[in-house]
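Okay, here's what each chain looks like letter by letter:
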Amino acid sequence: MEALFSYGTLQLDQVQLSQFGRLLDGTDDVLHGYVVTEIQIRDPAVLDASGIETHLALVPGEGPPIAGRVFQLTADELDAADIYESENYVRVQVPLASGTSAWVYVKA
């Protein structure tokens, strides 16, 4: 299983069901060393799944801690998350406040 830190639409039930075919059980955690920005989504599949045109994105920087949830995904589910996040994001591994190392999507 792979740990994935979500701070945005991957926390939505409809996105989890469309991408993974199940609802994810996560734990709260916090990320430091990034700031939140917004991006416009144009990918029709992502828009259909989330129903939201403006998504959050992370860029490196000093700002307030970013709250989110850590989900445990299979390798296939992580691949599905990569497809969902598309060209707007890249996946990087980060340390979280809890000491957990997790993947997170940051602005491409």
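Look up: the structure comes first, before these words.
Think of each chain on its own: its residues are numbered from 1, step by step along the sequence as written. Selection of residues for local features in this predicted model requires a pLDDT of at least 70, selection of side-chain atom pairs for listing and counting requires 80 or more, and totals for whole chains, interfaces and linings are taken over all residues. Based on all heavy atoms of the structure, the side-chain values leave hydrogens and waters out of the count.

**Digging into unusual backbone geometry**
With a phi close to 50°, Ser86 is a non-glycine residue in the positive phi region. With respect to the helices, strands and loops of the structure, Ser86 is situated in the loop between helix H3 (75-85) and strand S6 (89-95). For every residue, the accessible area obtained with a 1.4 Å probe (protein chains only) is divided by the maximum for its type, and the residue is called buried under 20%, exposed over 50%, and partly exposed between those limits. Overall, Ser86 belongs to the buried group, its relative accessible area being 17%. The way it works is that DSSP assigns letters per residue, a run of H or I at least four long becomes a helix, a run of E at least two long becomes a strand, and they are numbered from the N terminus.

**Here's the deal with helix H1 (residues 13-20)**
Taken residue by residue, H1 has Val15, Gln16 and Phe20 as its buried positions. Projected down its long axis, H1 carries its buried residues within an arc of 100°, all on one side. Throughout, a residue-residue contact means that at least one pair of heavy atoms, one from each residue, lies within 4.5 Å. Buried residues along H1 sit in contact with helix H2 (44-50), strand S5 (66-73) and H3. Two residues or fewer after H1 comes Gly21, characterised by a positive phi angle close to 75°. Taking the helix axis as origin, the arc is that swept by the directions to the C-beta atoms.

**Considerations on the pattern of salt bridges**
Here, a salt bridge means any side-chain nitrogen of Lys or Arg that lies within 4 Å of a carboxyl oxygen of Asp or Glu. Tallied over the full model, the rule gives three salt bridges. The salt bridge partner of Asp28 is Arg69, with a shortest N-O separation of 2.6 Å. Of this pair, Asp28 sits in strand S2 (residues 26-31) while Arg69 sits in strand S5, and the two are 41 residues apart along the sequence. With relative accessibility at 62%, the residue Asp28 sits in the exposed group. Across the salt bridge formed by Asp82 and Arg91, the nearest N and O atoms sit 2.8 Å from each other. Arg91 sits in the partly exposed class, given a relative accessible area of 26%.

**A look at the packing of H1 against H3**
Axes are the key here: two packed helices are described by the angle between their axes and the distance separating the axes. All axes are obtained by fitting lines to C-alpha atoms, using only the stretch in contact for helices, and the reported angles, taken between N-to-C directions, cover 0 to 180 degrees. Packing of H1 against H3 brings their axes to within 9 Å, and their N-to-C directions diverge by 115°. Between H1 and H3 lies a crossing of right-handed hand. Of H3, the residues touching H1 (which contributes Val15, Gln19 and Phe20) are Glu77, Ala80, Ala81 and Tyr84. Lys, Arg, Asp and Glu make up the charged group, whereas Ala, Val, Leu, Ile, Met, Phe, Trp, Tyr, Cys and Pro make up the nonpolar group; the residues left over, Gly among them, are polar. For the contact of H1 with H3, the per-class residue count stands at five nonpolar, one polar and one charged. Left-handed is the label given to a crossing in which the near helix is rotated counterclockwise from the far helix by less than a right angle, and right-handed is the label when the rotation is clockwise.

The values reported here are purely geometric and, on their own, carry no functional implication.
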